[in-house]
Amino acid sequence: MMHRDNAGPVCSLKFVTLLVALSPVLLLLGARVQLQDNGYDGILIAINPQVPENQNLIPNIKEMITEASFYLFNATKRRVFFRNIQILIPATWEANNYSKVEQESYEKADIIVTDWNGAPGDDPYTLQYRGCGKEGKYIHFTSNFLLNDDLTAGYGSRGRVFVHEWAHLRWGVFDEYNNDQPFYLNGQNQIKVTRCSSDITGIFVCEKGPCPQENCIISKLFKEGCVFIYNSTQNATASIMFMQSLSSVVEFCNASTHNQEAPNLQNQMCSLRSAWDVIADSTDFNCSFPLKGSELPPPPSFTLLQASDKVVCLVLDVSSKMAEADRLLRLQQAAEFYLMQVVEIHSFVGIVSFDGKGEIRAQLQQINSDDDRKLLVSRLPTTVSAEAETSMCSGLKKGFEVVEKLNGKAYGSVIILVTSGGDEHIGNCLLTALSSGSTVHSIALGSSVVGKLEELSHLTGGLKFYVPDKSNSNSMIDAFSRISSGTGDIFQQSMQLESMGENVRPYHQLKNTVTMDNSMGNDTIFLVMWQTSGPPEIVLLDPTGRKYSTINFIINQTFRTARLLIPGTAKPGHWTYTLNNTHHSPQALKVTVASRAFSSAVPPATVEAFVERDSTYFPHPMIIYANVKKGFYPILNATVTATIEPEIGDPVMLKLSDDGAGADIIKNDGIYSRYFFSFAVNGRYSLKVHVNHSPSINTIASIPGSHAMYVPGYIANGNIQMNVPRKLVHRSEEEKKWGFSRVSSGGSFSVMGVPAGPHPDVFPPCKIIDLKAVKMEEEVTLSWTAPGEDFDQGQATSYEIRMSNILQHIQDDFNNAILVNTSELKPQQAGTREMFTFLPKLFINGPGHQPDGETQENHRIYVAMRAMDRNSLKSAVSNIAQLSLFISPNSAPVLGRDSLILKGVLIAISLIGIICLIIVAMRYTLNRKKRADKKENGTKLL
């Protein structure tokens, strides 16, 4: 989003919803990365606590960013550079007079440096989960990449690599190489290297040295062991998204240098557009102009930050509204679970309650034992106030007062604000909260909470949650479970394995199985919650058949909870629980199971649920995401189900997919996605994701994201100089005897503009993003993933496929491109892999074709398609697939459709003419014969 003031244009990386009444100071403070006066401010680089301390790491990071700033400035034609960088030092490193963190944390970082066990190779990469021109999630470096100078031979200098990755992250462009398809046949039926630009030179190298390119192809298949080695000295200046390591490469491919034929991700994702065209359309370039003159920008400045003690304050609403819908009871249950299980050891925790005014219930208490946790639980509110008025600012003021007592400031502290009030005056303390340096997570209960509550969380970098007034909803527990320390140390975090709630009839039961995988098992807790005066009958069986019953659980009658902490390490396998409702009336029974990692040597499976944006306006859909991984590795073939709860109405269950279609742009990257558009009402929606993986062979994919290219070697002075072979990371298959299960809250989002009552169909099929075209002898075979009737759900009604031999026609004038007959093609259910084969002969010599005089005539064909639903709503035009058709000059020419029609008409006219001439000739001959016969007969008579 762009802001302009006297200081110059400001563009924010993370969208900030702005209030008209806020001051310009608040506008600047609320944004994360800003572009102001051509310089980027506020970029956060965070080092994971698992990375060992090294005195060279920080200097190398500084050197990398400084080099990158000047390289980026020139590559963008004097438009942008890096001005202010923050580096977050982990608390596990020795203190060294670093600045204190404010709202910065590892989870909010733009660039992360990690070294978890099992880290595969040193490829720098950017996690991109959205489409072309959209920002990515983060850039990843290993400490070895930043410390080992030998790696620069293959990747190029670190500053150049950083610019390559920054273009992925900031501007949403993709790689221009393809390790899976390094060669292709171009429009002239020649072997070409997948590259951009095509001016980059090199030679083919076989097993024993240089070889002609003919040796690299056998029966149209590329020979194994054949590689293309580039010359170290080049004249080509592009492209950074292909090979940033070449010294001559100083710019991105533009419209004149872009290789549209190359089978790379940039062409697929961006419809054959060049990287520079995409970058030039970005918000950054719309609100910045090239700097005049010839001076270089100043080098970046760096601020080193280090987190200290973890400080948390619960700020809890106790106004009379909390008596509605068991709100106070559910708050007590969730807060007890947070204090006893979620918050990490050695944290400082305080408690504040508020109605019309704030009250300190517990000053900061460091958690060093279970007794400390129990003491804090005893300070939780037990009754609601008679006062209906709610003053969130009063509660926040007391919360800041509590956290400031430790170090004199609230910097780096966390406030968890839980409220059901409609306090319209919360805007009065937004600036105070933001300038405090504290992160405010908000949990809204019910539908009467004001919208500015989410603004408070957004501006301070906090999470926001919504808890519907439903007795069987576990949203409150899920929200507290999601709020972690933010350090990035997954081995210390409590993870939810189960979150279940049901309304159970009298003398009926709630029964389910929880999977404990072998990466978990420490601090395992089973928490049971109920509504009535006494607990249900509880039976829990561990994988060996050992039985735990109600008597083994710690009962809290006030909060109506039963808690069992499994001693030692919980056994891996299936744990089965049964809750019997022994009361004469129905009641909501709920279960939550959480555990910590068994060992820092085995990274646990994790899930992070999130949405595309904070709010949407009908009929625009919301995209739901879940990042499922084990350490660095994406986990494939998981069953991922999102549960979306509106303010009014039943929850919606939605299965997410990682198939590279619809909302999911990249297949097998571990990010499962789906469109959500079943909007029942206006207001807030709560999101939770369940992940299950069955006991089977668990496929773990290679590292996802867009990677900087590692060059195997160069040709220097005519000699082949090979680099150290890159660490290859292949998919691995890991036996999972028990499978695993995880639960994670994805926070909340808002929907506006939903019409009351029934409304017409306004949801088209989603765009096809994986269209591919392959020539099979004389036929063309298309393949793609079927969209749905509504986005990626249901079954579309028909397809429209069009072709052209001119790219611009298919890009800009799809409706007038040549139509392919698809009368026999019926769409399948969304998510099904589709194939369609047809003869392209009618299109080869169509309008615009000009023979090129080659040995084989080449016909470059561009194909795109779209789907339609029963109401004739059309999807966006798909990605453009391309292929080359070759016609031997010795073969009869294949005519275009119009030519064939004209030829047919001419042939028909000619045939008719010939027939008519034959008839006339025969008639004339017969008449002459008759006259001759008559004359002869007359002569005889004479």
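Nothing here was measured: the structure is a model prediction, and the numbers come from that model.

Moving on, we come to the overall build of the protein. Along the backbone of the protein there are 17 helices and 55 strands. Counting every position in the protein, which comprises 942 residues, the buried fraction comes to 55%. Taking contacts inside the protein between residues at least 6 apart in sequence as the whole, the part at least 24 apart equals 75%. When the accessible surface of the protein is split by element, carbon and sulfur atoms take 52% of a total near 40,300 Å².

A sheet is described by the order of its strands in space; here five strands give the open sequence E15-E14-E18-E45-E46, paired in mixed fashion. The open sheet is flanked by strand E15 (209–210) and strand E46 (719–722), the only strands paired with a single partner. Relative to E15, strand E14 (residues 202–206) runs antiparallel, the two being bridged by two bridges. Looking at E15, one finds that Val205 is bridged to Pro210.

With that settled, the discussion passes to helix H5 (residues 158–171). An ideal rise of 1.5 Å per residue puts 20 Å on 14 residues; H5 measures up with 19 Å between its terminal C-alpha atoms. The element H5 is extensively covered by neighbouring structure, given that 14 of its 14 residues are classed as buried. Backbone geometry just after H5 places Gly172 at a positive phi near 70°.

Turning our attention to the pattern of salt bridges. In total, this model carries 21 salt bridges according to the counting rule given. Residue Glu324 pairs with Arg327 through a salt bridge whose shortest N-O separation is 3.6 Å. Glu800 is the salt-bridge partner of Arg866, the closest N and O atoms lying 2.8 Å from each other. Residue Arg866 is located in strand E54 (residues 857–868), and its partner Glu800 is located in strand E51 (residues 798–804); the two are separated by 66 residues in the primary sequence.

Turning our attention to the state of the cysteines. Applying the stated criterion to the full structure yields three disulfides. Each sulfur of the disulfide joining Cys132 and Cys270 lies 2.1 Å from the other. Between Cys132 and Cys270, the disulfide has an S-S torsion of 105° and is therefore right-handed. Taken together, the positions of Cys132 in the loop between strand E10 (125–127) and strand E11 (138–141) and Cys270 in the loop between helix H6 (265–269) and helix H7 (275–280) put the pair 138 residues apart, joining distant regions of the chain. For Cys196, the disulfide goes to Cys253, at an S-S distance of 2.3 Å.

A separate point is the side chain of Asp792. Mapped onto the secondary structure, Asp792 falls in the loop between strand E50 (779–785) and E51. Judged by its relative accessible area of 11%, Asp792 falls in the buried class. Look past the residues within four positions of Asp792 in its chain and what remains in contact with it is Ala663, Arg674, Tyr675, Cys766 and Ala830.

A separate point is the nonpolar core. Within the largest apolar cluster, 76 residues are counted, with the highest numbers of intra-cluster contacts made by Tyr40, Ile47, Phe82, Phe162, Trp166, Trp171 and Phe252. Per element, the largest residue contribution to this core is nine residues, and it comes from helix H2 (residues 57–75). Within the second largest apolar cluster, 51 residues are counted, among which are Phe618, Ala626, Tyr685 and Phe740.

We now examine a nonpolar patch on the surface. A cluster of nonpolar residues, Leu911, Ile914, Ile915, Ile918, Ile919 and Met922, forms a patch on the protein surface that exposes about 580 Å² of accessible area. Of note, Met922 is situated in helix H17 (residues 897–941).

It is worth spelling out unusual backbone geometry at this point. The step from Cys196 to Ser197 runs through a cis peptide bond, and the omega angle for that step is 10°. Looking along the chain, the bond that leaves Ala238 and enters Ser239 is cis, with omega of 25°. Within the element layout of this structure, Ser239 appears in the loop between strand E18 (227–231) and H6. Although it is not a glycine, Lys77 sits at a positive phi angle of roughly 60°. Judged by its relative accessible area of 42%, Lys77 falls in the partly exposed class. Backbone geometry places Arg78, a non-glycine residue, at a positive phi of 65°. Topologically, Arg78 is positioned in the loop between H2 and strand E6 (81–82).

Turning to H2, a few remarks are in order. With 19 residues, H2 ought to run about 27 Å at 1.5 Å a step, and its terminal C-alpha atoms sit 26 Å apart, in line with that. All buried positions along H2 are accounted for by Leu57, Ile58, Asn60, Ile61, Met64, Ile65, Ala68, Ser69, Tyr71, Leu72, Phe73 and Ala75. Count one or two residues on from H2 and you reach Lys77, which has phi positive near 60°.

Time to look at the side chain of Gln333. In this structure, Gln333 sits in helix H9 (residues 327–342). Within the structure, the side chain of Gln333 is placed 3.0 Å from the backbone oxygen of Phe559, a separation counted as a polar contact. Side-chain polar atoms of Gln333 contact the backbone oxygen of Arg560, separated by 3.4 Å. Those residues in contact with Gln333 that lie beyond four places of it in its chain are Ile477, Leu527, Met529, Trp530, Phe559, Arg560, Thr561 and Lys590.

Going through the model one piece at a time under the given rule, you end up with 37 aromatic pairs. Note on Phe141 and Phe145: the rings are 5.5 Å apart at their centroids and 10° apart in plane angle, and the pair reads as stacked. Given the relative accessible area of 1%, Phe141 is considered buried. When the centroid spacing of 6.3 Å and the interplanar angle of 75° are considered together, the rings of Phe679 and Tyr685 count as edge-to-face. Of the residues examined, Phe679 reaches a relative accessible area of 7% and is grouped as buried. One aromatic cluster in this structure is built from Phe618, Tyr675, Phe676, Phe677, Phe679, Tyr685, Phe749, Phe763 and Phe791.

Further remarks concern the pairing of E50. Among the seven residues in E50, six count as buried, and that is most of the element. Taken together, the five bridges between strand E49 (residues 772–776) and E50 define a ladder with antiparallel strand orientation. In the sheet register, Met776 faces E50, and the bridge partner there is Glu779. Turn length for the E49-E50 hairpin, with the two strands adjacent in sequence and antiparallel, is two residues, and the turn residue Glu777 shows positive phi of about 55°.

Let us now look at the sheet that holds strand E22 (residues 358–366). The pairing of strands in a sheet happens through backbone hydrogen bonds and is either parallel or antiparallel. The six strands are arranged E22-E21-E20-E23-E24-E25 in an open sheet whose pairing can be described as mixed. Unpaired on one side and paired on the other, E22 and strand E25 (464–467) mark the two borders of the sheet. Averaged over all pairs of adjacent strands, the angle between strand axes in this sheet comes to 15°, irrespective of strand direction. Where strand E23 (residues 414–419) meets strand E24 (residues 439–445), six bridges bridge the pair, whose relative direction is parallel. Bridging from a neighbouring strand, Val414 pairs with Thr439 of E24. The strands touched by helix H13 (residues 452–460) within the sheet are E23, E24 and E25, with E24 carrying the most contacts at an inclination of about 155°.

Inspection of the secondary structure assignment puts Gly121 in the loop between strand E9 (111–113) and E10. Considered as a pair, Gly121 and Arg726 are 605 residues apart in the sequence and their alpha carbons are 7.7 Å apart.

Two elements in contact, H9 and helix H14 (residues 475–482), have axes separated by 9 Å at closest approach and are oriented at 30°. Of the possible angle classes, the one that applies to H9 and H14 is roughly parallel. The handedness of the crossing between H9 and H14 comes out as right-handed. Where H9 approaches H14, its residues Arg327, Arg330, Leu331, Gln333, Ala334, Ala335, Phe337, Tyr338 and Val342 are matched on the opposing element by Met476, Ile477, Phe480 and Ser481.

Turning our eyes to something else, we now look at the confidence of the model for the protein. Per-chain confidence: the protein averages 87 in pLDDT, with 86% of residues scoring 70 or above. Between residues 1–30, whose pLDDT stays under 50, and residues either more than four places distant or in other chains, the model counts 68 contacts. The low-confidence segment residues 934–942, where pLDDT is below 50, has zero contacts with residues more than four positions distant or belonging to other chains.

Turning to the packing of H9 against helix H10 (residues 370–378), a few remarks are in order. The contact between H9 and H10 brings their axes to 9 Å, and the two run at 165°. As summarised for this structure, H9 and H10 are arranged roughly antiparallel, according to the angle between their axes. The two elements H9 and H10 meet at a crossing, and its hand is right-handed. Residues Glu336, Leu339, Met340 and Gln341 of H9 form the contact with H10, whose participating residues are Arg373, Lys374, Leu376 and Val377. Considered class by class, the residues forming the contact of H9 with H10 number four nonpolar, one polar and three charged.

Cut-offs used in this document
- Residues numbered from 1 in each chain as written.
- Predicted model: local features only at pLDDT ≥ 70, side-chain atom pairs only at ≥ 80, totals over all residues.
- Heavy atoms only, no water.
- Helix = DSSP H or I, 4+ residues; strand = E, 2+ residues; numbered from the N terminus.
- Buried < 20%, exposed > 50% of the residue type's maximum accessible area, 1.4 Å probe, protein only.
- Contact = heavy atoms within 4.5 Å.
- Areas by Shrake-Rupley, 256 points an atom, 1.4 Å probe, with all protein chains shown as cover.
- Pairing = 2+ DSSP bridges.
- Expected span 1.5 Å × (residues − 1).
- Salt bridge = Lys/Arg side-chain N within 4 Å of Asp/Glu carboxyl O.
- Disulfide = S-S within 2.5 Å.
- Core = buried A, V, L, I, M, F, W, Y, C linked by side-chain atoms within 4.5 Å.
- Patch = residues over 30% accessible without salt bridge, like charges linked within 9 Å, V, L, I, M, F, W, Y side chains within 5 Å.
- Polar contact = N/O pair within 3.5 Å; in protein donor to acceptor, adjacent residues only side chain to side chain.
- Phe/Tyr/Trp six-rings, centres within 6.5 Å; stacked < 30°, edge-to-face > 60°.
- Axes fitted to C-alpha atoms, helices over the stretch in contact; angles between N-to-C directions.
- Parallel < 35°, antiparallel > 145°, perpendicular 65-115°, else oblique.
- Left-handed = near helix turned anticlockwise from the far one by under 90°.
- pLDDT = per-residue confidence, 0-100.
- Nonpolar A, V, L, I, M, F, W, Y, C, P; charged D, E, K, R; others polar.

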